[in-house]
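Observations on the three-dimensional arrangement
Single-letter residue listing:
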Amino acid sequence: MAVNFSDVILSDQNESRKLIVSVQKATVATKLTDRLIKQLDILKKTQNVSYTGTGCFVVVLDNLTAANVIEDPTKETVTIRIGHPYLQAVEIDPNDVIIDAVEESLLARGDIELTLADYRAIERDLRSRLGEKFDTAANVQAADELAPKMVQAVYEPVVKAVDRRYQVIMRFQ
């Protein structure tokens, strides 16, 4: 009885499978400023804060259909066509935040006080800047180079379990 490789490889419609193919780390810094009167530098306080984050490039595997799994019995190959990896998540590690001492001016003393809205605006800006650092041509190229090998490592044992003679070939859609 012949086995259809796509039946074995394809996921259940209720499953969600994403393979992380590359994890990048980067640090961005921002300077917090607090002034009592905007024009007077003698009333200004500043503080440098550095945030480290990770960016994950993933390949979505739950979008595979039978059209993405091409069996060639004459060559004994199964070609699986996948989408290119993309930057899915940017996470800031709260344990890897470096907060420098407050630089006080002549008449400004104490900590810089921020509202919840200030914290949210800072976090949005930092996530955006981290995303820009991660989503570069070089990082996308590195993820593109890793993706076929990593996806092949997932599916080759499945194909070999069905028929040891078959080889798995990975291609981008």
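It should be noted that the structure appears before, not after, this text.
Rules used in this analysis
- Residues numbered from 1 in each chain as written.
- Predicted model: local features only at pLDDT ≥ 70, side-chain atom pairs only at ≥ 80, totals over all residues.
- Heavy atoms only, no water.
- Salt bridge = Lys/Arg side-chain N within 4 Å of Asp/Glu carboxyl O.
- Core = buried A, V, L, I, M, F, W, Y, C linked by side-chain atoms within 4.5 Å.
- Buried < 20%, exposed > 50% of the residue type's maximum accessible area, 1.4 Å probe, protein only.
- Helix = DSSP H or I, 4+ residues; strand = E, 2+ residues; numbered from the N terminus.
- Lys, Arg positive; Asp, Glu negative; His and termini not counted.
- Polar contact = N/O pair within 3.5 Å; in protein donor to acceptor, adjacent residues only side chain to side chain.
- Contact = heavy atoms within 4.5 Å.
- Expected span 1.5 Å × (residues − 1).
- Bend = angle between axes of the 7 residues up to and from the residue.

On to the pattern of salt bridges, then. The full count for this structure, using the stated rule, is 4 salt bridges. Among the ionic pairs, Arg-165 bridges to Asp-163, the shortest N-O distance being 2.6 Å.

Turning next to the nonpolar core. Judged by nonpolar contacts, the single largest core of 32 residues is most densely connected at Ile-9, Val-78, Ile-80, Ile-82 and Val-151. Broken down by secondary-structure element, the contributors of at least two residues to this core are helix H1 (5–9), strand S1 (18–35), strand S2 (44–60), strand S4 (77–82), strand S5 (86–99), helix H2 (116–134), helix H3 (137–162) and strand S7 (167–172).

So, on to the side chain of Asp-144. Secondary-structure assignment places Asp-144 in helix H3. No salt bridge is formed by the buried Asp-144; the nearest opposite charge belongs to Lys-149, separated by 12 Å. Separated by 2.9 Å, the side chains of Asp-144 and His-84 make a polar contact. Not counting chain neighbours up to four residues away, the residues in contact with Asp-144 comprise His-84, Pro-85 and Phe-172.

Bringing unusual backbone geometry into the picture now. Generally, phi is negative for residues other than glycine and the peptide bonds are trans, each holding for most cases. Although it is not a glycine, Glu-76 adopts a positive phi angle of roughly 55 degrees. For Glu-76, the position within the fold is in the loop between strand S3 (69–72) and S4. Relative accessible area serves as the criterion here: at 27%, Glu-76 is assigned to the partly exposed category.

For the rest of this paragraph, the subject is H3. Its 26 residues give H3 an end-to-end C-alpha distance of 38 Å, which sits within 8% of 38 Å, the value for a rise of 1.5 Å per residue. At Tyr-155, H3 shows its maximal bend, which comes to roughly 35 degrees, and the proline Pro-157 appears one to four places after that position. Considered for burial, the residues of H3 that qualify are Asn-139, Ala-143, Asp-144, Ala-147, Pro-148, Val-151, Tyr-155 and Val-159.

In this structure, Thr-52 sits in strand S2. A polar side-chain atom of Thr-52 sits 3.0 Å from a polar atom in the side chain of Thr-27. Filtering out sequence-adjacent residues up to four positions away, Thr-52 remains in contact with Lys-25, Ala-26, Thr-27, Glu-91, Ile-92, Asp-93 and Asp-96.

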